[in-house]
Amino acid sequence: MQKPSQWSRFLGAHFPWFVLACATTGVLFPDTFSRLNGSITMGLFAFMTFANSLGGGFRELGRVFLRPLPVVVTLVLLHVVIPVLTLGLGNLLFPAAPLFTTGLVLEYVIPTGVASLMWVGICGGNAPPCLSIVLLDTLAAPVVIPLSLKLLVGSVVEVDTWSMMGDMMVMVALPALAAMTVYQATGGRAAVTLKPWRSCSPSWPC
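Residues numbered from 1 in each chain as written. Predicted model: local features only at pLDDT ≥ 70, side-chain atom pairs only at ≥ 80, totals over all residues. Heavy atoms only, no water.

**Brief notes about the packing of helix H5 (residues 69–93) against helix H8 (residues 127–153)**
Consideration 1: Closest axis-to-axis distance for the H5/H8 pair is 10 Å, and the angle between their directions is 35°. The two elements H5 and H8 cross, and the hand of that crossing is right-handed. Along the contact surface, H5 presents Val-71, Thr-74, Leu-75, Leu-78, His-79, Pro-83, Val-84 and Leu-87, while H8 presents Pro-129, Ser-132, Ile-133, Leu-136, Asp-137, Val-144, Leu-152 and Val-153.
Consideration 2: Looking at side-chain class alone, the contact of H5 with H8 contains 12 nonpolar, three polar and one charged residues. (Axes fitted to C-alpha atoms, helices over the stretch in contact; angles between N-to-C directions. Helix = DSSP H or I, 4+ residues; strand = E, 2+ residues; numbered from the N terminus. Left-handed = near helix turned anticlockwise from the far one by under 90°. Contact = heavy atoms within 4.5 Å. Nonpolar A, V, L, I, M, F, W, Y, C, P; charged D, E, K, R; others polar.)

**Section: empty space enclosed by the protein**
Consideration 1: Within the structure shown, the criterion is met by one cavity of 30 Å³ or more.
Consideration 2: Its boundaries defined by the atoms lining it, the largest cavity holds a volume of some 40 Å³.
Consideration 3: What lines the largest cavity is simply Asn-52, Ser-53, Gly-55, Gly-56, Gly-57, Glu-60, Leu-61, Ala-127, Pro-128, Leu-131 and Met-180.
Consideration 4: Breaking the lining of the largest cavity down by element, the ones donating at least two residues are helix H4 (58–66) and H8. (1 Å grid on protein atoms, 1.4 Å probe; cavity = no way out; pocket = protein on both sides within 12 Å on 5 of 7 lines; lining within 4 Å. Points joined across faces, edges and corners; volume = space filled by probe spheres on them.)

**Description of the packing of aromatic side chains**
Consideration 1: Applying the stated criterion to the full structure yields one aromatic pair.
Consideration 2: Between Phe-94 and Phe-100, the aromatic rings sit 4.8 Å apart at their centres with planes inclined by 75°, giving edge-to-face as the arrangement.
Consideration 3: When its relative accessible area of 43% is taken as the criterion, Phe-100 is described as partly exposed. (Phe/Tyr/Trp six-rings, centres within 6.5 Å; stacked < 30°, edge-to-face > 60°. Buried < 20%, exposed > 50% of the residue type's maximum accessible area, 1.4 Å probe, protein only.)

**A word on the confidence of the model for the protein chain**
In low-pLDDT regions, the fine details of the predicted coordinates are not to be read closely.
Consideration 1: The predicted model of the protein chain averages 77 in pLDDT, with 81% of residues at 70 or higher.
Consideration 2: For the protein chain, helix H10 (residues 190–193) is the element with the lowest average pLDDT, namely 67, and H5 is the one with the highest, namely 90.
Consideration 3: In the predicted structure, residues 199–206 sits below a pLDDT of 50 and forms 16 contacts with residues beyond four places in sequence or in another chain. (pLDDT = per-residue confidence, 0-100.)

**Let's talk about the side chain of Thr-101**
Consideration 1: Here Thr-101 lies in helix H6 (residues 98–109).
Consideration 2: You can call Thr-101 buried: its relative accessible area is 3%.

**A short note on the packing of H5 against H6**
Consideration 1: Their axes nearest at 9 Å, the elements H5 and H6 cross at an angle of 165°. By the criterion of interaxial angle, the relationship of H5 to H6 is roughly antiparallel. Where H5 crosses over H6, the two elements pack in a sense that is right-handed. Seen from H5, the contacting residues are Leu-78, His-79, Ile-82, Pro-83, Thr-86, Leu-87, Gly-90 and Asn-91; seen from H6, they are Thr-101, Leu-104, Val-105, Tyr-108 and Val-109.
Consideration 2: In the contact of H5 with H6, the residues fall into eight nonpolar, five polar and no charged. (Parallel < 35°, antiparallel > 145°, perpendicular 65-115°, else oblique.)

**A short note on H6**
Consideration 1: For H6, spanning 12 residues, the distance from its first C-alpha to its last is 17 Å, which sits close to the expected 16 Å at 1.5 Å a residue.
Consideration 2: Of all the positions in H6, only Thr-101, Thr-102, Val-105 and Val-109 are classed as buried. Viewed along the axis of H6, the buried residues span an arc of 100°, placing them on a single side of the element. (Expected span 1.5 Å × (residues − 1). Arc of directions from axis to C-beta.)

**Some remarks on the nonpolar core**
Nonpolar side chains in soluble globular proteins tend to be buried together.
Consideration 1: Within the largest apolar cluster, 12 residues are counted, these being Leu-61, Leu-117, Cys-130, Leu-131, Val-134, Leu-135, Met-168, Met-171, Val-172, Ala-173, Ala-176 and Met-180.
Consideration 2: With six residues, helix H9 (residues 161–185) is the single largest residue contributor to this core.
Consideration 3: Residues contacting Met-168, with those up to four places away along its chain left out, are Pro-111, Thr-112, Thr-138 and Ala-173.
Consideration 4: Within the second largest apolar cluster, six residues are counted, among which are Leu-87, Val-109, Ile-145 and Leu-149. (Core = buried A, V, L, I, M, F, W, Y, C linked by side-chain atoms within 4.5 Å.)

**A few points about a nonpolar patch on the surface**
Consideration 1: A surface patch of nonpolar side chains, about 900 Å² in accessible area, is lined by Leu-69, Val-72, Val-73, Val-76, Leu-77, Val-80, Val-81, Ile-82, Val-84, Leu-85 and Tyr-108.
Consideration 2: Counting residues per element, the nonpolar patch draws most heavily on H5, at 10 residues.
Consideration 3: Note on placement: Val-84 falls in helix H5.
Consideration 4: For Val-84, a relative accessible area of 43% translates into the label partly exposed. (Patch = residues over 30% accessible without salt bridge, like charges linked within 9 Å, V, L, I, M, F, W, Y side chains within 5 Å. Areas by Shrake-Rupley, 256 points an atom, 1.4 Å probe, with all protein chains shown as cover. Salt bridge = Lys/Arg side-chain N within 4 Å of Asp/Glu carboxyl O.)

**A word on the environment of Val-80**
Consideration 1: Tracing the backbone shows Val-80 in helix H5.
Consideration 2: A relative accessible area of 45% places Val-80 in the partly exposed class.
Consideration 3: Once the C-alpha coordinates of Val-80 and Val-109 are considered, the two residues, 29 residues apart in sequence, prove to be 8.5 Å apart.

Structure, rendered in structure tokens:
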């Protein structure tokens, strides 16, 4: 177990730089890495969800719903406050490009990404509330996305919501449920033995 532990500490200490390097490489060479889109990308996202959902089981998730205020406040910020601010700033800064503003609004009404689980896990945050937000956001996506776009930008944008929902189920919901089941079955030991990273370096401002 020594080598996995050393890898875990190394990855946790340097992961932000790995992310920055990978993002930069993807932007510079889009044609090369676009071949990874599809099943490979979905598999990687599913793995990230599984790994970062190992911080709690169904009991921990239940405690979150007993005190739902942080989850409710976060969802309101994500799907009301930030999209409205984005719409206002888009209309102010790009009055001649309404489609660009629509794209910005769409960016902020889609479900919370798996990356949020990843960063919470790396930075040693509280995983169950984050997982609750991601799961609820995923389930509400078929209603939230078209309704938000209709109310905010006043036009119907063609979004394959059910296809997106299916992808989110594969990348988020099912891996998260599997991780919580494993956590529950192992009494929490899976959070130590299976997680590929623990937390980031104290020198990195998570």
